[in-house]
Amino acid sequence: MHLIHVCLLVYVTVGIRFSEGYFQNSFDLFPELPLGVPNSGNPVCREQSELFVDNLKNLTLWAHEKVILRRYGDKTKQPRDTVHFGWCIPAACTIPDLELSLNEHLQNVDTPLRNKNISYSASVRKEFCARESDAGNYTIADYSFALLTLIFVLLVFLSTAYDYQANNKQSEEKAKKKTRNQKFLLAFSARANFTEMSHMETSNPDLGVLNGLRTIAIFVIIIDHRFGTFTSSALINFNYVEQQFRAPFACVVFHGDLFVDSFFLLSGLLVAYGLLVQFDKRMVNPGFIVFLRYIRNRDYLINLCNSIQLNHLELIDLNAAHLISTMFEPQISRFQCMTHAWYLPCDFHYFIIAVGICILIKKEKKIGLSALLSATIVSMAIPFILTVVYRRPSMLMFYTDFLTAPKSHADFLLTYSKSHARATPYFIGMFGGYLYYRMKGKNYHVCRIKSALIVFFSLASIAASVLTGSVFYDPYHPYNPYEAATYAGFHRALWSIGSIGLIYVASYGHAKFIWKILTWSPWVPLSKLQYGKDSS
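Below you will find a few notes about this structure.

Calculation notes
Residues numbered from 1 in each chain as written. Predicted model: local features only at pLDDT ≥ 70, side-chain atom pairs only at ≥ 80, totals over all residues. Heavy atoms only, no water. Core = buried A, V, L, I, M, F, W, Y, C linked by side-chain atoms within 4.5 Å. Buried < 20%, exposed > 50% of the residue type's maximum accessible area, 1.4 Å probe, protein only. Helix = DSSP H or I, 4+ residues; strand = E, 2+ residues; numbered from the N terminus. Contact = heavy atoms within 4.5 Å. Salt bridge = Lys/Arg side-chain N within 4 Å of Asp/Glu carboxyl O. Expected span 1.5 Å × (residues − 1). Disulfide = S-S within 2.5 Å. Axes fitted to C-alpha atoms, helices over the stretch in contact; angles between N-to-C directions. Parallel < 35°, antiparallel > 145°, perpendicular 65-115°, else oblique. Left-handed = near helix turned anticlockwise from the far one by under 90°. Nonpolar A, V, L, I, M, F, W, Y, C, P; charged D, E, K, R; others polar. Phe/Tyr/Trp six-rings, centres within 6.5 Å; stacked < 30°, edge-to-face > 60°. Lys NZ or Arg CZ within 6 Å of the ring centre and 35° of its normal.

## Looking at the nonpolar core
Turning to step 1, where the next piece is worked out: Counting 80 residues, the largest nonpolar core has Tyr-426, Met-430, Tyr-473 and Ile-503 as its most contacted members.
Turning to step 2, where the next piece is worked out: Residue contributions to this core peak at 15 residues, all from helix α9 (residues 257-281).
Turning to step 3, where the next piece is worked out: Non-local contacts of Met-430, meaning those with residues more than four positions away in its chain, are made with Gly-268, Leu-269, Ala-272, Ala-354, Ile-357, Cys-358 and Leu-372.
Turning to step 4, where the next piece is worked out: In this structure, Val-37, Trp-87, Tyr-120 and Cys-129 belong to the second largest nonpolar core, which totals 13 residues.

## Quick notes on the pattern of salt bridges
Proximity of charged atoms lets side chains of opposite charge pair with each other.
Turning to step 1, where the next piece is worked out: All told, the structure shown has seven salt bridges when counted by the stated rule.
Turning to step 2, where the next piece is worked out: Of the charged contacts in the structure, one is a salt bridge between Asp-261 and Arg-422, with a shortest N-O distance of 2.9 Å. Here Asp-261 is found in helix α9, whereas its partner Arg-422 is found in the loop between α16 (410-416) and α17 (424-439), with 161 residues between them in sequence. Exposure class is identical for Asp-261 and Arg-422. Each is buried.

## Points about the environment of Phe-219
Turning to step 1, where the next piece is worked out: Its place among the elements puts Phe-219 in helix α6 (residues 209-232).
Turning to step 2, where the next piece is worked out: Placed 40 residues apart in sequence, Phe-219 and Phe-259 show a C-alpha to C-alpha distance of 9.4 Å.
Turning to step 3, where the next piece is worked out: Excluding its chain neighbours within four sequence positions, the residues that come into contact with Phe-219 are Trp-523 and Leu-526.

## Structural notes on helix α14 (residues 365-390)
Turning to step 1, where the next piece is worked out: With 26 residues, α14 ought to run about 38 Å at 1.5 Å a step, and its terminal C-alpha atoms sit 38 Å apart, in line with that.
Turning to step 2, where the next piece is worked out: Every buried residue of α14 is accounted for by Gly-368, Leu-372, Ala-375, Thr-376, Ser-379, Met-380, Pro-383, Leu-386 and Thr-387.
Turning to step 3, where the next piece is worked out: Residues of α14 that are buried in the fold lie against α13 (343-363), α16, α17 and α20 (481-508).
Turning to step 4, where the next piece is worked out: The first or second residue beyond α14 is Arg-391, which carries a positive phi of 50°.

## Let's talk about the state of the cysteines
One way to say it: the disulfide is the covalent bond shared by the sulfur atoms of two cysteines.
Turning to step 1, where the next piece is worked out: By the definition in use, this model includes one disulfide.
Turning to step 2, where the next piece is worked out: Each disulfide pairs two cysteine sulfurs, and for Cys-45 the partner residue is Cys-93, the sulfurs being separated by 2.0 Å. Taking the sign of the S-S torsion, 100° for the link of Cys-45 and Cys-93, the bridge is right-handed. Of the two residues, Cys-45 is situated in helix α1 (residues 43-57) and Cys-93 in the loop between β5 (82-90) and α2 (95-108); the sequence distance between them amounts to 48 residues.

## Structural notes on the packing of α14 against α20
Turning to step 1, where the next piece is worked out: Two numbers describe how α14 lies on α20: the axes approach to 8 Å, and their chain directions differ by 155°. Here α14 lies roughly antiparallel to α20, going by the angle between them. By crossing handedness, the relation of α14 to α20 is classed as right-handed. For the pair formed by α14 and α20, the contact residues are Met-380, Pro-383, Phe-384, Thr-387 and Val-388 on the first element and Pro-481, Tyr-482, Ala-484, Ala-485, Thr-486, Ala-488, Gly-489, Phe-490 and Ala-493 on the second.
Turning to step 2, where the next piece is worked out: Residue classes in the contact of α14 with α20 are distributed as 11 nonpolar, three polar and no charged.

## What to know about the packing of aromatic side chains
Both the distance between ring centres and the angle between the ring planes are used here to describe each pair of aromatic rings.
Turning to step 1, where the next piece is worked out: Summed over the entire model, instances satisfying the criterion amount to 23 aromatic pairs.
Turning to step 2, where the next piece is worked out: Relative to Phe-188, the ring of Phe-152 has its centre 6.1 Å away and its plane inclined at 35°; by these criteria the two rings are tilted. Here Phe-188 lies in the loop between α4 (180-186) and α5 (190-197) and Phe-152 lies in helix α3 (residues 140-172), a separation of 36 residues in the sequence.
Turning to step 3, where the next piece is worked out: Ring plane angle 85° and centroid distance 6.2 Å describe the contact between Phe-398 and Tyr-416, whose orientation is recorded as edge-to-face. In this pair, Phe-398 sits in the loop between α14 and α15 (400-404) while Tyr-416 sits in helix α16, placing the two residues 18 residues apart along the sequence.
Turning to step 4, where the next piece is worked out: On the basis of relative accessible area, Tyr-416 is assigned to the buried category, the value being 8%.
Turning to step 5, where the next piece is worked out: Over the aromatic face of Tyr-164 sits the side chain of Arg-191, whose NZ or CZ is 5.6 Å from the ring centroid.

Printed below as a string of structure tokens:
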């Protein structure tokens, strides 16, 4: 039996218990509500409602839905004076059936507040309802995507078979130069791609440390996003989560966005290094470079896949917290683009600036480096000014209000996802790229004393960036806009400078333990699996 999930918001003052087939609060301020639609004039609806109630009494798993209690408090707490629950009715019942039955019941049920002229009425909005059968219709886009996927699978099989055949011939004959068609076929070979994935970048071995840094960063980002999804969903013991928000080292867990800055840092480093090396060989039309970058960032197959998936996601497939989020934030539509996609336009905007700065560096080094320094200072000043003017927090707090509705959150829209407010790590990464460009091919090593000092100050810079954030996660810490703005403007720079210092001393200094960790061979294929990975 297919069920329709209808989400109702019920305000109560105390906890709710299940008794005699009804949801009932301890003070009886809210009238008892029937299960299903027992008084419907629709015989099929009435029959299935009786079946639903019988299965509830028998503790049948499909018939039970979770009831979530919340309480209002400080920002670290979830509200507990509001009850969110789903209303399950048989598929044969319509929305008018439910509304008529509920209103008839509410008119007849006796409540302590009736003599106070307090009445209750029920209304059900169509957009809050979903049934499993609604997601079963396939469109032309679905079939097109399936056909495209099949074509790529066939290309992989054909290319891999051709690759094995070509290698067998090469063992008997001398290697011949491959034609354009042969190169195209080999591009889809599973064997050739798996082999390529395990190869370390050889153009500059000093950049080998970036494989480990990139992989560790994406691991932390995945863990943080998984934790955020868990935190924003239906929790039984949310006291534990709230305690973590107020813990001294909460920012270590909830400040995982700094590892996103690590990707901006790596992108800026590799783009600056790659462009400067390329410009040594020949000057390329900057418009053409930007166009290629645009095509690279626009992964149409992934976007098509995501759009197909989102089109078939129904409320019935979402967890309770996301269901409630959709209820109260109607602008958060499942047909809108994905939240995490904010990264790509930021990276593209920075790339356009990087091309111009790298051209300046090649033509006039001092002017180019001065322009890069100016861009870095401006990028630090922007979040400072925005925080003071709009009196916003020092950073995006990963509380429940953000996790359940990120795309409508004020701080996410104002600073977190905007390229002009997140550019500092990218520009500092470009300084790192210029440094590696200058060191390319040179047998240079930092002495032990300098290496130790760089490691110490780099770790101190990273620790200051992360740990000082615990001050702002304290809900009882008095708000000061200039204090918050100082952290907003400088903490990403501290994180980036510390990261550059560590990878620099690992490449050219006496920090072999860091080098061994970041150049561990398993990092190489893992680092190449990431979407939008930059290369030199």
